[in-house]
Amino acid sequence: MKPTSLFEESHRRLNPLTGDWVLVSPHRTQRPWQGQMEAKANVAGLAYDPGCYLCPGNARAGDVRNPSYNSTFVFTNDFAALKPEVEAARGDESGRNLLLAESEAGICRVVCFSPRHDLTLARMTVGEITSVVDVWAEQYAEIGSLPYINYVQIFENRGEIMGCSNPHPHGQIWANQTIPNEPGKEQEAQKAYLKKNGTCLLCDYLQLETEIGTRMVVENAHFVVVVPFWAVWPFEVLLLSKQHVGDLASLDRATRESLAEIFKQLTTRYDNLFEMSFPYSMGFHQAPTDEIAHPEWHLHAHFYPPLLRSATVKKFMVGYEMLASPQRDITPEAAAALLRKCS
Ligand code: H2U
Ligand code: ZN
């Protein structure tokens, strides 16, 4: 048994997926809810905005016009950060690996979740969200099958506070040649864990969280959402597949519907927490598409919301967080309890 004092005093917790530590200071939350609780009115916006570059039939950059789509719609980002045709090159001006650069090929796409300008995933039906899950799965398989693509990152930035330029419900896909930093760290950790224990890191973690229960937020037939033991953001959550599966394309119909259902449940809880359309960055971590077997990989999604106490009080990642280590006051257990209350 762990001494209770460990979790009542300042302590640090390890993220076994990345090897990073987070500092937790629970004694600083004696007054966790004294911040203002302004309920921000959810402005019922327009179903169609003639000025929106994501609405059906509207113009985008470079003389392109969206089709009159009525479900989901995917297009290549007009301002793509990664391009398919890049001449392979590698250079080091120093000769000592101090000024190293490499070419990087890739693809960037935008995924419109709905033709309706005024919706969010939380306000779409489970059937509509299932169509989005299908698109994510198809895109992972299609883009991942390209020989020069070894990793497909599917993500959504929601809300102005997260730098999302347009309220129209949409996400992005950036896929590239190399495995980016975060999934790269997770891959090494999952590989090492499997080698050492003969079991999957996230299968074992999921089982522990289900038994303990204090960090659970919501669960259905195929998925679990927890505030991870090592969460950095106040209301960060980890969505885990109950099946040991590496990617969205491997999910059958019932599991995809389950995923849509838990997405709706989670995002609705988020919206209810501060009575506002809750901002976050979320994304899936899936097996690389490098044609190597990845028994270590366990499909999951991270949600990183920036808010701390209310619609207007944001958690700042500054000073100590930038220079030393991330830190939080409210414990993951307290955050999970609050999210469980917001059905
Ligand atoms: P975010 O709001 O999540 O950044 O997504 C909007 C994306 O849409 C952004 O990456 C792209 C931007 O490059 N975009 C187009 O591809 N065409 C346009 O006409 C405007 C914006
Ligand atoms: Zn729109």
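Preceding this paragraph is the structure being described.
All values reported here derive from a predicted model rather than from experimental measurement.

Enquirer: Help me out: how do you make sense of the overall build of the protein chain in this one?
Expert: Within the protein chain, the regular secondary structure consists of seven helices and 16 strands. The C-alpha radius of gyration computed for the protein chain amounts to 21 Å, which stays within 12% of the reference 20 Å derived for 343 residues, consistent with globular compactness. Dimensions of the protein chain, computed from the C-alpha atoms along their principal axes, are close to 60 × 55 × 45 Å. A buried classification covers 49% of the 343 residues belonging to the protein chain. Across the protein chain, contacts joining residues at least 24 apart in sequence account for 67% of those joining residues at least 6 apart. Per element, the accessible surface of the protein chain, about 16600 Å² overall, is 54% carbon and sulfur.

Enquirer: What is the right way to read the sheet that holds strand β9 (residues 151-158) from this model?
Expert: Across a sheet, paired strands are connected by hydrogen bonds in the backbone, their directions being either parallel or antiparallel. A sheet is described by the order of its strands in space; here nine strands give the open sequence β5-β8-β10-β9-β14-β15-β13-β12-β11, paired in antiparallel fashion. For this open sheet the edge positions go to β5 (73-76) and β11 (216-219), each flanked by a neighbour on one side alone. Direction aside, the axes of adjacent strands within the sheet are offset by 20° on average. Sheet analysis places β11 next to strand β12 (residues 223-226), joined by three bridges and oriented antiparallel. Residue pairing across strands places Met 216 opposite Val 226, the latter belonging to β12. Lying over the sheet, helix α4 (residues 201-212) contacts β11, β12, β13 (237-241) and β15 (300-304), oriented at roughly 110° with respect to β13. Each of β11, β12, β13, β14 (280-285) and β15 touches helix α5 (residues 253-273); the most contacted strand, β12, lies at about 25° to it.

Enquirer: Just checking my understanding: could you explain helix α7 (residues 332-341) for this structure?
Expert: The periodicity of an α-helix, 3.6 residues per turn, causes residues three or four places apart in sequence to face the same way. The complete set of buried residues in α7 reads Pro 332, Ala 335, Ala 336, Leu 338 and Leu 339. All buried residues of α7 project into a common sector of 160° when viewed along the axis, lining one side. On the buried face of α7, the contacting elements are β1 (11-14), β11, β13, α5 and β16 (327-328).

Enquirer: In this structure, what is going on with the coordination of the zinc ion (ligand 2)? I would like to understand it.
Expert: Four donors placed tetrahedrally about a metal ideally form angles of 109.5 degrees, and six donors placed octahedrally ideally form angles of 90 or 180 degrees. Protein-derived ligands of the zinc ion (ligand 2) are Cys 52 (SG), Cys 55 (SG), His 117 (ND1) and His 168 (ND1), with the metal-ligand distances lying across 2.0 to 2.3 Å. The site at the zinc ion (ligand 2) holds four donor atoms, and with the angles between them running 103 to 115°, its shape is tetrahedral. Mapping the donors of the zinc ion (ligand 2) onto the primary sequence gives the spacing C-x2-C-x61-H-x50-H. Residue Cys 55 is classed as buried on the basis of its relative accessible area of 0%.

Enquirer: Would you mind going over the packing of helix α3 (residues 181-197) against α4 with me for this structure?
Expert: The description of two packed helices rests on the angle between their axes and on the distance between the axes. α4 packs onto α3 with a crossing angle of 85° between their chain directions and a minimal axis gap of 8 Å. Relative to α4, α3 is oriented roughly perpendicular. Residue-level contacts link Ala 189, Gln 190 and Tyr 193 of α3 to Leu 201, Leu 202 and Asp 204 of α4. Tallied by class, the residues present in the contact of α3 with α4 amount to four nonpolar, one polar and one charged.

Enquirer: Would you take a moment to explain the pattern of salt bridges for this structure?
Expert: Any two side chains of opposite charge can pair, on the condition that their charged atoms come close. Counted under the stated rule, the structure contains 14 salt bridges. Arg 13 is paired through a salt bridge with Glu 333; the nearest N and O atoms lie 3.0 Å apart. With Arg 13 in strand β1 and Glu 333 in helix α7, this residue pair connects regions lying 320 residues apart in the sequence. Close ionic contact of Glu 333 with Arg 215 constitutes a salt bridge, the shortest N to O distance being 2.6 Å. You can see Glu 333 sitting in helix α7 and its partner Arg 215 sitting in the loop between α4 and β11, a full 118 residues away along the chain. Three or more residues are tied together by salt bridges with common partners; here these are Arg 13, Glu 209, Arg 215 and Glu 333.

Enquirer: Sorry, what's going on with the packing of aromatic side chains here?
Expert: Any two aromatic rings considered together are summarised by their centre-to-centre distance and by the angle between their planes. All chains considered together, the criterion is met by 16 aromatic pairs. Their ring planes at 75° and their centres at 6.1 Å tell us that Phe 7 and Phe 229 sit as a pair that is edge-to-face. Of the two residues, Phe 7 is situated in helix α1 (residues 4-8) and Phe 229 in the loop between β12 and β13; the sequence distance between them amounts to 222 residues. Under the relative-accessibility criterion, Phe 7 is labelled partly exposed at 25%. Aromatic rings pair up to connect Phe 113, Trp 136, Phe 235, Phe 263, Tyr 270, Phe 274, Phe 278, Tyr 280, Phe 284 and Phe 303 into one cluster. Here the basic side chain of Arg 13 rests over the ring of Phe 229, its NZ or CZ set 4.5 Å away from the ring centre. Note that Arg 60 overlies the ring of Phe 75, its terminal NZ or CZ placed 3.7 Å from the centroid.

Enquirer: Just to check I follow, could you spell out the pairing of β14 for this structure?
Expert: One face of the sheet, then the other: side chains in a regular strand alternate in exactly this way. With respect to burial, β14 is a largely interior element, six of its six residues being buried. As judged from the four bridges shared by β9 and β14, these two strands associate in the antiparallel manner. By the bridge assignment for β14, Arg 158 is matched with Tyr 280. Pairing geometry for β14 and β15, over five bridges, is antiparallel. Note that in β15 the partner of Gly 283 across the bridge is His 302.

Enquirer: Just checking my understanding: could you explain the site of ligand 1 for this structure?
Expert: Around ligand 1 lies a shell of 13 residues, among which Ala 61, Asn 77, Asp 78, Ser 165 and His 170 are the nearest. Relative to its unbound accessible area of 470 Å², ligand 1 is 86% covered by the protein chains.

Enquirer: Help me out: how do you make sense of the environment of Gln 187 in this one?
Expert: Note that Gln 187 resides in helix α3. Taking the C-alpha atoms as reference, Gln 187 lies 16 Å from Leu 14; in sequence the two are 173 residues apart. For Gln 187, the contacting residues outside a window of four places in its chain are Ile 179, Pro 288, His 294, Glu 296 and Trp 297.

Thresholds, definitions, all that
- Residues numbered from 1 in each chain as written.
- Chains lettered and ligands numbered in written order.
- Predicted model: local features only at pLDDT ≥ 70, side-chain atom pairs only at ≥ 80, totals over all residues.
- Heavy atoms only, no water.
- Helix = DSSP H or I, 4+ residues; strand = E, 2+ residues; numbered from the N terminus.
- Rg over C-alpha atoms; globule rule 2.2 N^0.38 Å.
- Buried < 20%, exposed > 50% of the residue type's maximum accessible area, 1.4 Å probe, protein only.
- Contact = heavy atoms within 4.5 Å.
- Areas by Shrake-Rupley, 256 points an atom, 1.4 Å probe, with all protein chains shown as cover.
- Pairing = 2+ DSSP bridges.
- Axes fitted to C-alpha atoms, helices over the stretch in contact; angles between N-to-C directions.
- Arc of directions from axis to C-beta.
- Donors = N, O, S within 2.8 Å, 3.2 Å for Na, K, Ca; no water.
- Tetrahedral: all angles 85-135°; square planar, octahedral: opposite > 155°, others 65-115°.
- Parallel < 35°, antiparallel > 145°, perpendicular 65-115°, else oblique.
- Nonpolar A, V, L, I, M, F, W, Y, C, P; charged D, E, K, R; others polar.
- Salt bridge = Lys/Arg side-chain N within 4 Å of Asp/Glu carboxyl O.
- Phe/Tyr/Trp six-rings, centres within 6.5 Å; stacked < 30°, edge-to-face > 60°.
- Lys NZ or Arg CZ within 6 Å of the ring centre and 35° of its normal.
- Near = heavy atom within 4 Å.

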